[in-house]
Amino acid sequence: MTSSLTLSNVTKRYEKNVLAVNNFSQEFEAGSYVCLLGPSGCGKTTTLRMIAGHESVTSGDILIDGTNVVGLAPAKRGTAMMFQNYALFPHLSVIENTAFSLKMRGVGKVERLKRAEELLSMVDMSAYAQRLPEQLSGGQQQRVALARALISNPSVLLLDEPLSALDPFLRIRMRSELSKLQKELGIIFVHVTHSQDEALALADQIVLMNNAEIEQAGSPEDIFNKPQSEFVARFMGGHNVLDINGSRFALRTDHTRLIHSSEPTASTVSFVEFLGSRVEITVSSNIQADLIATLTDEEFRQAPFMAGDSVGVQWSTENLHPLN
Ligand code: ADP
Ligand code: MG
């Protein structure tokens, strides 16, 4: 089963006139991996909770496969949510945790345990069925939380910062497992994150939010290579923002070239940072904000720069991207 998800002019006002989400309109294709991205407090979790039905909407519509789900109880929407802290019941075994929502729906014991076993096998946790959550690692707890969310056969899975509790190594491994799982299931995943890397790696569609509104939505390639505003260019990283004749442009730091200058120029290398396969060189001047040039370690070795060097900064105009 594949379902689409549409949010139409969705707005959320909390008490004391806090505008958490303002006029959010976006269509999500069936079977897509969606990342809601943005800084802390921009309204991501509120958006997710409104889709799940854990939070009411102030105005607007939420359509799943064309049906307006606003006002429906969470269990009636075809959505499931995986929480940031996994929220596993500490006194229930892994298999009982997984089967929990089926128990609430009155599904008989034999049937719900059989289904729970299938889900645990899907997330590679069959061997741990009888353990308690406290006897599992963070990554294993997360698999159980996934199995538990998926047991109701949702058409939309909602994940709030699902990787944030994991160490960096495990985070990257679980990231690829989430991606694989989503493709296998073919349902919409809506994944909330404040990490650009995570969104770029996972998403078919990124919705970048800022101050309760959508700042830009599109494919990872579009968001990264065609930022429409200074906020997007700076938030996604990897860009310089240039002021040229009163207009603003984004220029990727790896498209920013430096040349050694024999005469003292207005631009000076202020900082060189070695980052493994690449080197970031910060250039300060009295006419622009600091710029960064990213070189591969090879390029750097062939023409090294040091703090204090006088440099010229160059780019091809085709690499300049105009900002609103
Ligand atoms: P994010 O998940 O992007 O960090 P949230 O959706 O949690 O952001 O919050 C968006 C805004 O709404 C913030 O200003 C936050 O303080 C506010 N907010 C969130 N939940 C509530 C609530 N229950 N009552 C009042 N304000 C809230
Ligand atoms: Mg949040």
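Residues numbered from 1 in each chain as written. Chains lettered and ligands numbered in written order. Predicted model: local features only at pLDDT ≥ 70, side-chain atom pairs only at ≥ 80, totals over all residues. Heavy atoms only, no water.

Right, let's talk about the site of ligand 1 for a bit. Surrounding ligand 1, one finds Y14, V18, A20, P39, S40, G41, C42, G43, K44, T45 and T46. Contact between ligand 1 and G41: an oxygen atom at 2.6 Å from a main-chain N or O atom of the residue. K44 is positioned with one of its side-chain polar atoms (N or O) 2.9 Å from an oxygen atom of ligand 1. Coverage of ligand 1 by the protein chains reaches 58% of its 560 Å² of free accessible surface. Those elements giving two or more residues to the shell around ligand 1 turn out to be β2 (18-28) and α1 (44-52). (Near = heavy atom within 4 Å. Polar contact = N/O pair within 3.5 Å; in protein donor to acceptor, adjacent residues only side chain to side chain. Areas by Shrake-Rupley, 256 points an atom, 1.4 Å probe, with all protein chains shown as cover. Helix = DSSP H or I, 4+ residues; strand = E, 2+ residues; numbered from the N terminus.)

Before going further, it helps to examine the domain arrangement of the protein chain. The assigned domain composition of the protein chain is domain 1 (5-225) and domain 2 (239-322). Between the C-alpha centres of domain 1 and domain 2 the distance comes to 40 Å. (Domains from an automatic or database assignment.)

Mapped onto the elements, P304 comes out in the loop between α9 (297-302) and β17 (311-314). The class of P304 is partly exposed, set by a relative accessible area of 43%. Once the C-alpha coordinates of P304 and V279 are considered, the two residues, 25 residues apart in sequence, prove to be 9.8 Å apart. With near-sequence residues (within four places) excluded, P304 lies in contact with H260 and D309. (Buried < 20%, exposed > 50% of the residue type's maximum accessible area, 1.4 Å probe, protein only. Contact = heavy atoms within 4.5 Å.)

Here three strands make up an open sheet; going across it, the order is β14-β15-β16 and the pairing antiparallel. Since the sheet does not close on itself, it has two edges, and those belong to β14 (267-274) and β16 (291-296), each with one partner. For this sheet the average axis-to-axis angle between neighbouring strands, irrespective of direction, equals 25°. In this sheet, β16 lies alongside strand β15 (residues 278-285) in antiparallel orientation, the contact comprising six bridges. In the sheet register, R278 faces β16, and the bridge partner there is T296. (Pairing = 2+ DSSP bridges. Axes fitted to C-alpha atoms, helices over the stretch in contact; angles between N-to-C directions.)

This part is about the packing of aromatic side chains. By the definition in use, this model includes three aromatic pairs. Ring centres 5.4 Å apart and planes at 50° place the aromatic pair Y33 and F189 in the tilted group. A residue pair is termed long-range when its members are at least 10 positions apart, and Y33 in strand β3 (residues 33-37) and F189 in strand β8 (residues 188-193) qualify at 156 residues. Judged by its relative accessible area of 0%, F189 falls in the buried class. Look at F231 and F235: their rings are 5.6 Å apart centre to centre, the planes differ by 20°, and that puts the pair in the stacked class. Here F231 and its partner F235 are both found in helix α8 (residues 230-236), four residues apart, which amounts to about one turn of the helix. (Phe/Tyr/Trp six-rings, centres within 6.5 Å; stacked < 30°, edge-to-face > 60°.)

Moving on, we get to helix α4 (residues 138-150). Three- or four-residue spacings in an α-helix give side chains the same orientation, since the helix completes a turn every 3.6 residues. Here α4 spans 18 Å end to end across 13 residues, near enough to the 18 Å set by a 1.5 Å rise per residue. Along α4, the positions that sit buried rather than exposed are G139, Q140, Q142, R143, V144, A145, L146, A147, R148, A149 and L150. Next to the buried residues of α4 lie β6 (79-82), α2 (94-104), α3 (109-122), β7 (156-160) and α5 (168-185). (Expected span 1.5 Å × (residues − 1).)

Residues T79 and M81 of β6 are buried on one face, and the alternating residues A80 and M82, pointing to the opposite face, are buried as well. Pairing analysis gives four bridges linking β6 to β7, with the strands arranged parallel. Bridge assignment links T79 to a residue of β7, and that residue is V156.

Right, let's get into the environment of N240. Relative to the helices and strands, N240 resides in strand β11 (residues 239-244). Taking the relative accessible area as the measure of exposure, N240 reaches 4% and is therefore buried. Other than its neighbours up to four places away in sequence, N240 contacts F249, A250, L251, T253, T256, D290, L291 and I292. Separated by 2.7 Å, the side chain of N240 and the backbone oxygen of I292 make a polar contact.

This part covers the pattern of salt bridges. On inspection of all chains with the given rule, the structure shows 14 salt bridges. One salt bridge connects R143 with E177, and the closest N-O pair in it is separated by 3.0 Å. In this pair, R143 sits in helix α4 while E177 sits in helix α5, placing the two residues 34 residues apart along the sequence. A salt bridge links D243 to R248, with the shortest nitrogen-to-oxygen separation between them at 3.1 Å. A residue is classified by how much of its surface remains accessible, and D243, at 41% relative accessible area, is partly exposed. (Salt bridge = Lys/Arg side-chain N within 4 Å of Asp/Glu carboxyl O.)

In this model α5 runs 26 Å from its N-terminal to its C-terminal C-alpha over 18 residues, within 8% of the 26 Å that 1.5 Å per residue would give. L170, M174, L178, S179, L181 and Q182 are the residues of α5 that are buried. The inward-facing, buried residues of α5 abut β3, α3, α4, β7, β8 and α6 (196-202). Backbone geometry just after α5 places G186 at a positive phi near 70°.

A word on the side chain of D309. Here D309 lies in the loop between α9 and β17. For the buried D309, no salt bridge exists, and the shortest N-O distance to an oppositely charged side chain is 14 Å, to R257. For D309, the side chain forms a polar contact with the main-chain nitrogen of M306, separated by 2.8 Å. Apart from the residues within four sequence positions on either side, D309 is in contact with H260, S267, T268, V269 and P304. (Lys, Arg positive; Asp, Glu negative; His and termini not counted.)

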